[in-house]
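Overview (structure and organization)
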Amino acid sequence: MNDYSSDGIKVSFLRELARSDLLDHIKLCEGSKVLFWDPALKGPFNLIIDWPILKKHGVVKMFDLQEHIPSEVLENKWQNVVLLIRPEVKMIDLIYRSIRSISSSQRREIDFHIIFVSRKSTMCMRRLEEYKIVGEFKNILELELDLIPFDHDLMTLENPASFKDIFVEQDDSCLFQVARSLMTLQAFFGVIPNVTVLGESAKKVLEMIERMRQEVPATDKPIVPKIENLILIDRRIDLMTMMSSQVTYEGLIDELYGIKNTQATFPGAAFQYDEDVQETAASKMVALNSSDPIFKEARDLHFNAVGLFLTSKARQISAAYDEKKDAKSLSQLKNFVGKLPHIQAEKRALEIQTSIAALIRKGLNKQYYESFAVEQELREGLDVEKMNTFIEEMIYRQESLTKIIRLIAIQCIAGDGLRPKLYEFYKREIVQAYGYHHLLTFDRLEKCKLIYMQEKNQVISYPTLRSKMKLCIDNVNEKDPTDISYVFSGYAPLTVRLINWLTQGSQRDGLTYLDDIVKYLPKPCFGKKQKNAATTQERSDGEIHTLVYFIGGCTYAEVSALRFLAQNHPNKQFTIATTKMLNGNTLLDSIVEPSPRDIIPDFLT
Amino acid sequence: MDLEVDEGCGNWEPLGDVFYEKIEVYDMDWVDKMLKNYKLEMAPCGGPIALAWDSRQLTRGQPRKLIEIYNSAGILLNEIATKHERILVVGLGWSTEENLVVVTDIGSIYVYDINGVSLSLVSANAEIQDSRVIEARVFPTYGGTRTGVAVLTGAYRFFVISDIASDNPTYHKMNDIPGLDNPPSSWAVLPQDRSIEILVSNNAKLYLIERDRCTPKYAPRMHLSSGSVIEMALLNKTLDIALFSENGALWVGSADLQTTYCEVDTGITNRPSQMCWCGTYDSMVEMSAAIALVWNSENMVRLYGITVTDHSEPIEYLTDGEVFVVPEMDGLRMISSKTHELIRRVPASLVEVLGMGSLQPGAVLFDAQKEFNKGSHKANEYMQVIVEKNSMELAVKQCINAAACSTSPKQQKNLLRAASYGKGFLAYDNPDHFVEICKTLRVLNEIRMFRIGIPMTYSQLHQFTVMGLIKRLVAMKLYCLALPIVDHLRLEGGKELVLSQWAMDKVRQSRDTDEEIVNAITRKLGSSLGDVFLNISSVVNEAKKAGRKELAISLLDFEPRSSEQVPALMRMNQNAKAMEKAIASGDMDLVHTVLVAMEPKERDSGKIREFNNTLKDNPQAKALYTKWCAQTDVQKLHTHYETHDNYRDSALLYVQELDHNTLPEAKLKLLEDIDKLFRKGTISRDNLESQLTLEQVALIKRQVGLNSKVTGITGMNLNETVDLLIQRALFAEAEGLRKEFKLSDRKFWWLKVRALTKARNWSELEKFAKSKKSPIGYKPFVDACLENNNKAEAVKYVEKLPREQQVDSYMDLDMPEKAGEIARLSRGSEELFERILSQIGPQNTVLRDRINSIRNNS
């Protein structure tokens, strides 16, 4: 397996940075401390720091930020209450209610502190002032945490609303965060000489980093770049991939169970292999990252290849156990015992992954396959201009709205917009079946170009891109793939195709090479050399490092496809950054207007 | 005597085992200044000289310009005139920032920069003012980072300020000295880490006073005990002190008077004009400092080495008229009305190479080079000596170091030539040291020029730092010299300092138009912008101070840091521009800051218009404002949409609020408003939204009518309503909805089939299926029955399916036999049979056989 961290691109430094920052902030409060977490921050910080370290630094207890201060805090006379929040107005509202839940004399007994992750915003400070509670806080601090390392080659801002913020609400705050995180990376790995911009928000980010670089004086000895290429991708370049159903192992876990901060929760009953354990927990949380030897290899496979892989692994492991029988001499036995912990760890991991795979196979019912077949047809451009009866019937059957929207979006993207009659039809049907408030949903879908009405002079680009970039591939070999299109059973993500072209060894200025493609992509797309970058050093192995930044979100399928590319092109190395790990469902969760009544049956959980 | 010797050690004079030399630095430009009428203070390291009219000389025509500032070559830089009629300067000194500190007879402290610009004023308390100051000292405190002042009043009390640049500097009274009723014979300030002490001599007694304490000190033994101390000189760095008593004894030791370094009987009992240390050294381990005593009455300066014994002779220099001596870290400067001379201990590196009879490799190399120049074969012999001893590298190094310490360019050249000659014999040589020294010497020689007048030695520059030098040059407004030096030495942060100060000066002084100044600044920055970080904010502040607001605004354009630029623009009420810059920065938090500032608080139509225009021009700001309002104050958002005729968003905002209005009447009213707003919108799709809104109106009206029959129907959407009606068997009402909302046959059939199965109304379902040919086929019937767990009913409808669909449905119903049969009838493929078989599984052999027999029948 390819190890991306081999050549100095160690993203784990981000973790160290955030950890020491957090501890520095905590050290500012003298005495016993209670931490109150913005629930959305708990997951990311789990990856950064653990309880024993916090405990060592005087943290006595942690809570979710809630409407009131638990009486425990007062009873135990804990001295400091540290509130860790994202800079969001609703968090300030919550803090207000929370600290107002105890009397002002009680408040005087406690020192309150706010730590904003990752920056103190004017909006929040203004809100605190409006509530007249700024004075209640002894410290109001910032903790700069932008990119969170998810794996050795994957970092994310995990900004949950990034897609909606940027593309629906035109709030560019997130882009600034992207730019800032790139400045941090460049401070460690050197100014990246070649930048490719794909799409409008990518251009904005490049402008910001150029500007930010002007703000700091150039040093005499710039760091020799460890990363040669930066590809900034506006998610709108390729929404098709975002809406498509993933069929890789990790992608499917995400689609069916939802991976949050590299962890997923499964029904506990599925993990009953362990005979020693009498009772099984209601649910089981599994960490999914490359430290799991089985998952590391299975994650990027097409799901159809996972069964075979797990079986062969099982055979290997039992063969390893059999060595014990064959071990005749003492040294052989010693050798076996030495390997035992490793074999046992693999066995445990295998058991867990086998259970997960079984769960997923169960989840892949007939409907999933039918729906996938419809997706495939639409992507291939089959009857995209007509009403699709499968979608229609899904509406009548009142199925998951997210699924329906995903299919309509795929149809829309494949047809470069929906014909007006068709748009009207889908919209009316959805309003009638799911509620009037979905006028808002459609308004947002239109703003981010997921579902929109075709205009008179609509430029037709998708069919050209499909054929020129070979997006749809027949007869793909899922078990022993030769092309990235395996990640969607015959559909190659446009983003990864573009990245592949842009990193062709001899043509680093890949965009000129892609000239006749560029005009079919959302504007602007261009390549640029950053000023004052130190000259790169040819690596002996000829490897070229590329940092790919997905602005607006990235799917696990794309990550898998990029890893596949790197594996098959020994000189390509990729590090992936994104604003959020997403799939079609999680993306739409932020866009679909929630109903006041629970009229949408939630098939997803 | 050989010529070269002359420029070497000819004028060295031994003092103990070290040499001292006197170097003529300048002939003073001030030509025969009557120095005895003045107090003179010179900043260390060849700094500027300040002259103040000595108040004691009051009677003879006091000049109007009280204080004059010269460079160290006696060129007048600036004059300071005081506005007040009668100011008597009692004390004078240079602060650590090289500003001039002037203490007057009423205890006021004036601070001026080198250009004579007044920086600050500290006033004394009434007690000092009333009793008048008779003596004052300016001295470094806190390890040389701050500047303090001590005064002695006419009532013989001491007052001290430890940091004149602090926020609120005030005099603190020191403890009184018992029985002090006449001026003390001498005193010295001892700045300690945390407090300040003063050593005072009175009537052969010594006292150490602090703020709350007065400790009598016993003078060290010998001659001193028999006479009072009339002169003291403190060495700040090591806290060592020199005392001179009225009977001509010189004592040197530690400031706590516990350790004695030396005692000398000078044989002169006249009060010396001045006593100071010649050279300050890091530690007394290297006990080679000397004490200089000046007797202007005798036209004589004497140098006593502090390690020498009582019997050894001091070096004596004869002077011509009044001289002032100024201590330096490596010697002292002697300023007279005619000349400026430097007396210093000859640096060890120079002695090594140029010392008489030195056998150091450097000395041999120096000689070899001279011989080589003459074309003499001796050169080879000398070089051979060095090579044999394998000490060429050391030889080169010694020559380079000697060059660094030399003050004569000619001598520097000779020494460097020797070094470079030797370098030729080295196999490997790192040129850095050589290059560095050459560069530094180039700078030293440049600033030593008469016009510039900064005669620093190499060691002084080392202590003063290049940055310090640049600061001094900038303070003297010698930008044109400072900039090339910064470039030449590649001083980090130097360029920004010089350019910023230059620009500030330009803004402060220039009478040019704004445009000319901006152009001048951009021209200067033109080549360097991007790699130099100009401190624009301070330049801008300067422009504001000078009352040139427009200029300040134009200059802010060059501020690269948005976080400085935007607030600065806002402070100058340039909100529109601030917004533009905030947006360009991409930092939405800054945009928001501007929004907060711009948002009109009261009904000021001008401000409201400006705010609205800003939002109109900046979609990003608008997006942010919208989001902020949506989170905190929806009413504000409504107003915002209304003012911008944003009908569509306005309508959608109402849609979002709909849920809060539970009463159908209120809902209907709101929906009508929404419809109106949608209609006002001009884009065609708004018509669709209007239609959907009207449909919603119609639906609610229907539901209100139905509410008596079916409670809880209000608030449902159309499909649910139809579904519920059918479930409750209200078919006529459902039919009514179908007609009103023009539901397609397909849709209605779907809804009805599903509603009937949910209600388990199997008879009605059957009736419905038979009512006419189904427009949606019968598969939905089968699926719906199955979903509601009624296989028996499902089977009924499987039969109505086309045969190819029947196979799958029978399999769903777990009737493989039936599936097999149909497969045979429809001449199904082998694959179909395989699928059936695989569903049965390998165990159920009976069933497998049966299917296989069916298959073979075909």
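Treat the numbers as computed from the prediction; the structure is a model and nothing was measured. (Residues numbered from 1 in each chain as written. Chains lettered and ligands numbered in written order. Predicted model: local features only at pLDDT ≥ 70, side-chain atom pairs only at ≥ 80, totals over all residues. Heavy atoms only, no water.)

**Points about the sheet that holds strand β21 (residues 249–254) of chain B**
Strands belonging to one sheet form pairs held by backbone hydrogen bonds; the direction of such a pair is parallel or antiparallel. All names here are of chain B. To be explicit about the condition: In short, DSSP must find at least two bridges between two strands for them to pair. Put simply, DSSP marks the helices as runs of H or I at least four residues long and the strands as runs of E at least two long, and each gets a number from the N terminus on. Under this scheme, a helix contributes an axis fitted over its contacting stretch, all axes are lines through C-alpha atoms, and angles between N-to-C directions fall in the 0 to 180 degree range.
Within the open sheet, the four strands sit side by side as β19-β20-β21-β22. Their pairing is antiparallel. Either end of the sheet is taken by a strand with one partner, and the two such strands are β19 (229–235) and β22 (260–265). The mean inter-strand angle of the sheet, taken between neighbouring strand axes irrespective of direction, is 15 degrees. Where strand β20 (residues 240–245) meets β21, five bridges bridge the pair, whose relative direction is antiparallel. In the sheet register, A242 faces β21, and the bridge partner there is V252.

**Quick word on the pattern of salt bridges**
Threshold: Should a side-chain nitrogen of Lys or Arg be within 4 Å of a carboxyl oxygen of Asp or Glu, the pair is scored as a salt bridge. For every residue, the accessible area (1.4 Å probe, protein chains only) is compared with the maximum for its type, and the residue is labelled buried under 20%, exposed over 50%, or partly exposed between those bounds.
A full pass over the atoms with the stated rule returns 91 salt bridges over all chains. Residue D443 of chain A is joined to R648 of chain B by a salt bridge in which the shortest nitrogen-to-oxygen separation is 2.6 Å. Note that D443 of chain A is positioned in helix α20 (residues 438–447) and R648 of chain B in helix α22 (residues 647–657), a pairing that runs across two chains. R648 of chain B matches D443 of chain A in its accessibility class, with the two residues each being buried. Here D176 of chain B and R157 of chain B are joined by a salt bridge, their closest N and O atoms 3.1 Å apart. With a gap of 19 residues between them, D176 of chain B in the loop between β14 (172–173) and β15 (186–191) and R157 of chain B in the loop between β12 (146–153) and β13 (158–161) connect regions that are remote in the sequence. With a relative accessible area of 27%, R157 of chain B lands in the partly exposed category. One continuous salt-bridge network, built from bridges that share partners, spans D93, R126, R127 and E130 of chain A together with E599 and K636 of chain B.

**A word on helix α9 (residues 173–189) of chain A**
Residues and elements named next belong to chain A. Here is the rule we go by: One less than the residue count of a helix, multiplied by 1.5 Å, gives the span that helix is expected to have.
Its 17 residues place the ends of α9 24 Å apart at the C-alpha level, agreeing with the 24 Å of an ideal helix rising 1.5 Å per residue. With respect to burial, α9 is a largely interior element, 14 of its 17 residues being buried. In the stretch just after α9, G190 is the one whose phi turns positive, near 90 degrees.

**A short note on the nonpolar core**
Quick reminder of the rule: Here, nonpolar core means buried Ala, Val, Leu, Ile, Met, Phe, Trp, Tyr and Cys residues that are tied together by side-chain atoms lying within 4.5 Å of each other. Contacts are assigned to residue pairs with any non-hydrogen atoms lying within 4.5 Å of each other.
Ranked by size, the top nonpolar core spans 186 residues in total, and within it L182, L232, Y249, I253, I356 and L450 of chain A together with I674 of chain B carry the most contacts. Per-element tally for this core: the top contributor is helix α18 (residues 401–414) of chain A, with ten residues. Setting aside chain neighbours within four positions, we find L182 of chain A in contact with V205, I209, L230, L232, L547 and Y549 of chain A. Ranked by size, the runner-up nonpolar core spans 125 residues in total, among them W12, I69, L444 and L615 of chain B.

**Things to note about the environment of N761 of chain B**
One can find N761 of chain B in the loop between α27 (745–758) and α28 (762–771). Setting aside chain neighbours within four positions, we find N761 of chain B in contact with F731 and L756 of chain B.

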